[in-house]
Amino acid sequence: MAHKTDVQQGTLALMVLKTLEVLGPLHGYGLARRIEQISGDLLSLNQGTLYPVLLRLEQEGSIASDWGASENNRRARFYRMTREGRKQLQAEVSSWQKTTEIVGRFVNAKAECL
């Protein structure tokens, strides 16, 4: 069984935005399950982890929400990405790509390179 990993808040915001970009509007539970699924169940999200990120993204204007009915006919808040969220996602993806490239150089460095 794989060990579940904690997610940093900034990283989770990127995952939320990317998930909404790909799948469209989702409720919080659906977002959490989809992120866990994409991670190969290596991540474990709960309300205490996800909802502060959703609140922050909504306050920043990156996502918006509306009330609706979930698949099992329960009242749920559905989140969708805004135009500002698309801009933020592009910037964050670019930043993460640069960061992983830099870290990758250190991880793969040989003793003679250091």
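The structure under discussion appears in the preceding block.
Let me sum up the structure you'll find in this document. (Residues numbered from 1 in each chain as written. Predicted model: local features only at pLDDT ≥ 70, side-chain atom pairs only at ≥ 80, totals over all residues. Heavy atoms only, no water.)

**Topic: the overall build of the protein**
Now for step 1: Counting secondary structure elements, the protein contains 4 helices and 3 strands.
Now for step 2: For the protein, the α and β elements follow one another from N to C terminus as α-β-α-α-β-β-α.
Now for step 3: Burial status across the protein gives 33% buried among its 114 residues.
Now for step 4: Of the contacts made within the protein by residues no fewer than 6 positions apart, 52% connect residues no fewer than 24 positions apart.
Now for step 5: Carbon and sulfur atoms make up 53% of the accessible area of the protein, which amounts to about 7800 Å² in all. (Helix = DSSP H or I, 4+ residues; strand = E, 2+ residues; numbered from the N terminus. Buried < 20%, exposed > 50% of the residue type's maximum accessible area, 1.4 Å probe, protein only. Contact = heavy atoms within 4.5 Å. Areas by Shrake-Rupley, 256 points an atom, 1.4 Å probe, with all protein chains shown as cover.)

**Observations concerning the sheet that holds strand 1 (residues 26–27)**
Hydrogen bonding along the main chain pairs the strands of a sheet, whether they run parallel or antiparallel.
Now for step 1: If you trace the 3 strands from one edge of the open sheet to the other, you get 1-3-2, paired in antiparallel fashion. If you trace the sheet from one side to the other, it starts and ends with strand 1 and strand 2 (63–69), each paired once.
Now for step 2: Examined bridge by bridge, strand 1 and strand 3 (residues 75–81) share 2 bridges and lie antiparallel to one another. Within the sheet, the bridge partner assigned to His-27 lies in strand 3 and is Phe-78. (Pairing = 2+ DSSP bridges.)

**Describing the packing of aromatic side chains**
Now for step 1: In total, this model carries 0 aromatic pairs according to the counting rule given.
Now for step 2: The ring centre of Trp-67 lies 4.1 Å from the NZ or CZ of Arg-75, which sits over that ring. (Phe/Tyr/Trp six-rings, centres within 6.5 Å; stacked < 30°, edge-to-face > 60°. Lys NZ or Arg CZ within 6 Å of the ring centre and 35° of its normal.)

**Comments concerning the nonpolar core**
Now for step 1: Counting 20 residues, the largest nonpolar core has Val-16, Leu-20 and Leu-31 as its most contacted members.
Now for step 2: Elements with a contribution of two residues or more to this core: helix 1 (9–23), helix 2 (28–38), helix 3 (47–60) and strand 3.
Now for step 3: Looking at this core element by element, the count peaks at 6 residues for helix 1.
Now for step 4: The residues touching Val-16, leaving out its near neighbours within four places in the chain, are Leu-31, Ile-35, Leu-50, Val-53, Leu-54 and Leu-57. (Core = buried A, V, L, I, M, F, W, Y, C linked by side-chain atoms within 4.5 Å.)

**A short note on the pairing of strand 2**
Now for step 1: By the bridge criterion, 7 bridges tie strand 2 to strand 3 in an arrangement that is antiparallel. When the bridges of strand 3 are listed, Gly-68 appears paired with Ala-76.
Now for step 2: The turn linking strand 2 back onto strand 3 is made up of 5 residues, and Asn-73 within it adopts a positive phi angle of 65 degrees.

**Some points on unusual backbone geometry**
Now for step 1: With a phi close to 60 degrees, Asp-41 is a non-glycine residue in the positive phi region.
Now for step 2: With respect to the element layout, Asp-41 can be found in the loop between helix 2 and helix 3.
Now for step 3: On the accessibility criterion, Asp-41 (41% relative accessible area) is partly exposed.
Now for step 4: In this structure, Asn-73 takes a positive phi of about 65 degrees despite not being glycine.
Now for step 5: Among the structural elements, Asn-73 can be located in the loop between strand 2 and strand 3.
Now for step 6: When its relative accessible area of 65% is taken as the criterion, Asn-73 is described as exposed.

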